[in-house]
Amino acid sequence: MGKFIEDFKAFALKGNVVDMAVGVIVGGAFGKIVSSLVNDILMPVISLVTGGDGYKNLKYVIQPAKEATAEGQAAIEEVAINYGLFIQNIVDFFIIALSIFVALRVVMKFMKKEKEEAPAPAPEPTKEEVLLTEIRDLLKNK
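First, a word on scope: everything that follows refers to the structure included in this document. Quantities reported herein were computed from a predicted structural model and do not represent experimental measurements.

Definitions and limits used
- Residues numbered from 1 in each chain as written.
- Predicted model: local features only at pLDDT ≥ 70, side-chain atom pairs only at ≥ 80, totals over all residues.
- Heavy atoms only, no water.
- Helix = DSSP H or I, 4+ residues; strand = E, 2+ residues; numbered from the N terminus.
- Rg over C-alpha atoms; globule rule 2.2 N^0.38 Å.
- Buried < 20%, exposed > 50% of the residue type's maximum accessible area, 1.4 Å probe, protein only.
- Contact = heavy atoms within 4.5 Å.
- Areas by Shrake-Rupley, 256 points an atom, 1.4 Å probe, with all protein chains shown as cover.
- Patch = residues over 30% accessible without salt bridge, like charges linked within 9 Å, V, L, I, M, F, W, Y side chains within 5 Å.
- Salt bridge = Lys/Arg side-chain N within 4 Å of Asp/Glu carboxyl O.
- Lys, Arg positive; Asp, Glu negative; His and termini not counted.
- Charge placed at Lys NZ, Arg CZ, Asp CG, Glu CD.
- Phe/Tyr/Trp six-rings, centres within 6.5 Å; stacked < 30°, edge-to-face > 60°.

### Considerations on the overall build of the protein
Scanning the protein from terminus to terminus reveals 4 helices and 2 strands. The order of α-helices and β-strands along the protein, N terminus first, is α-α-β-β-α-α. Computed over its C-alpha atoms, the radius of gyration of the protein comes to 31 Å, more than 25% above the 14 Å expected for a compact globule of 142 residues. For the protein, the spread of C-alpha atoms along the principal axes amounts to about 115 × 50 × 25 Å. Looking at the protein residue by residue over its 142 residues, the buried ones come to 7%. In the protein, of all internal contacts separated by at least 6 residues, the share reaching a separation of at least 24 is 40%. Total accessible area computed for the protein in this model is approximately 12,500 Å², and 66% of it derives from carbon and sulfur atoms.

Laid out in structure tokens, this is it:
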């Protein structure tokens, strides 16, 4: 059991897992910001253009709702295809995808600049390369 716990600790504390956890948390917060952008800023503007509540209330009613009657007939709920909610979810998706794309481009641009500013050190020559260099130098001196 001790080996299992050690292995799990090594796995959970690896850089990739911690980075992924941070990414999930930041992504969740970012998703809330984008949802607020869509619901609180963009959709009210769209509702002015469409002349209503945006896309939320657009639907195709298959069977209208019926109230219960005095004769004992039970109430029937409305059966409808809520295509307005579907359209709003598509708009949400595209705005979230666009936002993530832009954010990733900015991050990648910073990472690229950082790589350009700090060139990688030259790799250490292998034993074979050192030996070949010494042989070359000896042959040159003869």
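### Describing a nonpolar patch on the surface
Together, Leu58, Tyr60, Ile62, Val79, Ile81 and Tyr83 give the surface a local cluster of nonpolar side chains, amounting to about 560 Å² of exposed area. Counting only elements with at least two residues in the nonpolar patch, the list comes to β1 (60-63) and β2 (79-81). Structurally, Tyr60 can be placed in strand β1. For Tyr60, a relative accessible area of 54% puts it in the exposed group.

### Things to note about a positive patch on the surface
A cluster of basic residues, Arg105, Lys109, Lys112 and Lys113, forms a positive patch at the surface. If you trace the backbone, Lys109 turns up in helix α3 (residues 83-117). Taking the relative accessible area as the measure of exposure, Lys109 reaches 53% and is therefore exposed.

### A closer look at the packing of aromatic side chains
Going through the model one piece at a time under the given rule, you end up with 1 aromatic pair. Note on Phe93 and Phe94: the rings are 5.4 Å apart at their centroids and 65° apart in plane angle, and the pair reads as edge-to-face. Here Phe93 matches Phe94 in class, with each residue exposed.

### Points about the pattern of salt bridges
Tallied over the entire structure, the rule returns 3 salt bridges. Here Asp7 makes a salt bridge to Lys3, at a shortest N to O gap of 3.4 Å. On the criterion of helical spacing, the pair formed by Asp7 and Lys3 is a turn pair, its members being 4 residues apart in helix α1 (residues 2-12). With its nearest N and O atoms 3.2 Å apart, the salt bridge here joins Asp137 to Arg136. Given the relative accessible area of 46%, Arg136 is considered partly exposed.

### Quick word on the environment of Asn82
You can see Asn82 is positioned in the loop between β2 and α3. The class of Asn82 is partly exposed, set by a relative accessible area of 40%. Each C-alpha atom, one on Asn82 and one on Asn57, is 7.4 Å from the other, the two residues being 25 residues apart in sequence.

### Structural notes on the environment of Ile62
Within the element layout of this structure, Ile62 appears in strand β1. By relative accessible area, Ile62 is classed as exposed at 52%. In this structure the C-alpha to C-alpha distance between Ile62 and Glu78, which are 16 residues apart in sequence, comes to 7.8 Å.

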